[in-house]
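# Structural characterization, general
As a plain string of letters, each chain reads:
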Amino acid sequence: MNKKNNHRFRETEIRMQTAMLEIMKNTELKKITVKKICEKAGVNRSTFYAHFIDIYDMLDKMQIELRKELLESYKDTGKYTVFSQESFIFFLKHIKKHKYFYKINLSTRNTFPIQDGYEEVLNIIKSRCEKHGINNEEEILYYFIYFQAGFTMILKHWVDTDCIASEEEIAAIIKKCIPNIFTEI
């Protein structure tokens with residue numbers, strides 16, 4: 001029996017996610033079907049539904065996996081200061097590598113703040129706000145929303161324009177846009 005944690009189950013899931021990424025390159029999200037994903041991945045519909053509730057569940061799981069990949073790669077480097085231009089370049093390279101996924105993911109984004117998976121950033125912003133005498137939780141949340149919304153919309157525009165500008169150019173823009181209290185240590 002194919003259990004959720006066994007190797008074959010995981011390989012099948014990766015194959016379906018890879019198929020989804022390939023389809024995303026040339027197809028709008030609303031035109032992507034489970035049937036297309038299954039055909040591309042060489043699996044049947046019941047296999048798809050053994051892994052995912054629907055396409056949106058698949059996207060959510062893919063986002064979690066990509067976030068893990070990104071966070072693990074940051075840990076592996078250990079050399080970037082948070083909110084530094086170098087850390088933004090590193091992040092932007094990850095976004096560009098998976099731009100088709102992020103183009104769809106960012107186009108469906110409609111709520112702020114997104115705290116799930118971003119607790120570390122919220123804690124850093126909170127710590128830096130507190131160092132500047134900002135202790136009100138609600139006010140700190142506004143700073144977090146400001147950073148996240150601005151950052152997200154810059155990313156959205158960048159992937160919508162097929163990442164034409166270099167990672168260095170976008171990192172410099174982001175660096176200029178964020179408040180000094182975020183970058184001061």
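Let us look at the structure shown here. Since we're looking at a predicted model, the values are computed, not measured.

### Considerations on the environment of Glu-39
As for its position among the elements, Glu-39 is in helix H2 (residues 34–41). Look at Glu-39 and you get exposed, because its relative accessible area is 56%. Measuring from C-alpha to C-alpha, the distance between Glu-39 and Met-16 comes to 9.4 Å, with 23 residues separating the pair along the chain.

### Overview of the pattern of salt bridges
Across all of its chains, the model carries 12 salt bridges by this definition. Ionic pairing is found between Asp-162 and Lys-99, a salt bridge with its closest N-O pair at 2.9 Å. Pair noted here: Asp-162 is in the loop between helix H8 (137–160) and helix H9 (167–177) and Lys-99 is in helix H6 (residues 99–107), with a separation of 63 residues, a long-range link. Put simply, Asp-160 and Lys-156 hold a salt bridge, and the shortest N to O gap is 2.7 Å. Separated by four residues within a single helix, Asp-160 and Lys-156 lie in helix H8, roughly one turn from each other. If you follow the salt bridges from partner to partner, you end up with Arg-10, Glu-13, Glu-65 and Lys-68 in one network.

### Here we look at the packing of aromatic side chains
Enumeration according to the criterion identifies eight aromatic pairs in this entry. Considering the side-chain rings of Phe-83 and Phe-88, the 6.5 Å spacing of their centres and the 50° angle between planes classify their relative orientation as tilted. The same class applies to Phe-83 and to Phe-88, which are both buried. Summarising the aromatic geometry, the rings of Phe-147 and Phe-151 are spaced 5.4 Å apart at their centres and angled 25° between planes, so their arrangement reads as stacked.

The rules behind these values
Residues numbered from 1 in each chain as written. Predicted model: local features only at pLDDT ≥ 70, side-chain atom pairs only at ≥ 80, totals over all residues. Heavy atoms only, no water. Helix = DSSP H or I, 4+ residues; strand = E, 2+ residues; numbered from the N terminus. Buried < 20%, exposed > 50% of the residue type's maximum accessible area, 1.4 Å probe, protein only. Salt bridge = Lys/Arg side-chain N within 4 Å of Asp/Glu carboxyl O. Phe/Tyr/Trp six-rings, centres within 6.5 Å; stacked < 30°, edge-to-face > 60°.

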